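# Architecture at a glance
Below, each chain spelled out in residue letters.
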Amino acid sequence: MDKIFYDLHIHSCLSPCGDEDMTPANIIAMSKLKNLDLIAVTDHNSCRNCPSVMTHGMREGILVIPGMELCTQEEVHVLCLFARLKDAMDFDAYVYDRLIKIENVENIFGRQQIYDENDSCVGMEPNLLINATEISFDELGDLMDEFHGIYIPAHIDKNSNSLLLNLGFIPPTSKFSWVEVKDITRLEKLKRDNPYLKQCDIINNSDAHSLGLINEAVNQLTVKEKSIEGVWDALHRI
């Protein structure tokens, strides 16, 4: 068994709230500088910078899981992770069709930049990606089965866009087995108040929108081998 250092919640410059220097190459360079083994770029309602991040990750020896931070119709933020890029991009198309379309105003929300494998900007997303979608939280279990992914409620202890704040409870139809907690010191109280969490593994990520906030090599995941397959085997359980 191997232990690898991870950060599975990072925003690139495709997220309007992400700094413009959060390009794929820069994210990988900073992850390497911080001695991370594994990352996921999880932009709001989009996976379109995942191909470039994965390419740069392969060049520098950083494992990259393709992902997205989905905003449900209840405005709950949920990390959706995939073992294969094709599944992530198929889910990206599904989500985009269900994104509530409002034109992005760049001088208010920020630019939404799409990058290629050469770390060059090749396009801008015109619709605001931080909007809610028409996808309900209850749908996610079946959707992740369909698209071969997993879903992890994001920052459930935050005072905005979290499962516990927005819904006030964990739906009995939930199928998630991991949950993201920002403040680990609150974990025991969260478990007492929400018994479902006692069966969950806990993940702690940076939710970085700038390079300096990407996690140091602190949080570890135990895997059978240091590979995407090994990571997926560790993450994908029901």
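A short tour of the structure in this document, coming up.

Thresholds applied
- Residues numbered from 1 in each chain as written.
- Predicted model: local features only at pLDDT ≥ 70, side-chain atom pairs only at ≥ 80, totals over all residues.
- Heavy atoms only, no water.
- Phe/Tyr/Trp six-rings, centres within 6.5 Å; stacked < 30°, edge-to-face > 60°.
- Helix = DSSP H or I, 4+ residues; strand = E, 2+ residues; numbered from the N terminus.
- Buried < 20%, exposed > 50% of the residue type's maximum accessible area, 1.4 Å probe, protein only.
- Lys NZ or Arg CZ within 6 Å of the ring centre and 35° of its normal.
- Contact = heavy atoms within 4.5 Å.
- Salt bridge = Lys/Arg side-chain N within 4 Å of Asp/Glu carboxyl O.
- Pairing = 2+ DSSP bridges.
- Axes fitted to C-alpha atoms, helices over the stretch in contact; angles between N-to-C directions.

### Re the packing of aromatic side chains
Aromatic rings considered in pairs are described by the distance between their centres and by the relative angle of their planes. Summed over all chains, the structure comprises eight aromatic pairs. Here F137 and F176 contribute two aromatic rings whose centre-to-centre distance is 6.3 Å and whose plane-to-plane angle is 75 degrees, an arrangement assigned as edge-to-face. One end of the pair, F137, is in the loop between β6 (121–124) and α5 (140–147); the other, F176, is in the loop between α6 (163–166) and β8 (178–180), and 39 residues separate them in sequence. Of the two residues examined, F137 and F176, each falls in the buried class. Members of the aromatic cluster, each reached through a chain of ring pairs, are F82, F91, Y94 and F147. Above the face of the Y94 ring, R98 is positioned so that its terminal group lies 3.6 Å from the ring centre.

### Topic: the environment of K191
Mapped onto the elements of the fold, K191 is located in helix α7 (residues 187–193). For K191, a relative accessible area of 19% gives the class buried. Leave out the neighbours within four places in its chain, and K191 touches L197 and K198.

### As for the pattern of salt bridges
This structure, assessed with the given rule, holds twelve salt bridges. A salt bridge links R111 to E20; the nearest nitrogen and oxygen atoms lie 3.0 Å apart. You can see R111 sitting in the loop between α4 (106–109) and β5 (113–115) and its partner E20 sitting in the loop between β1 (2–10) and α1 (24–33), a full 91 residues away along the chain. Overall, the relative accessible area of 31% leaves R111 in the partly exposed class. With a relative accessible area of 42%, E20 lands in the partly exposed category. A salt bridge links D193 to K189, with the shortest nitrogen-to-oxygen separation between them at 2.6 Å. Of this pair, D193 and K189 both sit in helix α7, four residues apart, which is roughly one turn of the helix. The class for D193 is partly exposed, based on a relative accessible area of 48%.

### Here's the deal with the sheet that holds strand β7 (residues 149–153)
With mixed pairing, six strands are arranged side by side in an open sheet as β7-β4-β3-β2-β1-β10. Each edge of the open sheet carries a strand with a single partner, namely β7 and β10 (220–223). Pairs of neighbouring strands in the sheet enclose a mean axial angle of 35 degrees, with direction left out of account. Note: β1 against β10, four bridges, orientation antiparallel. By the bridge assignment for β10, I4 is matched with L221.

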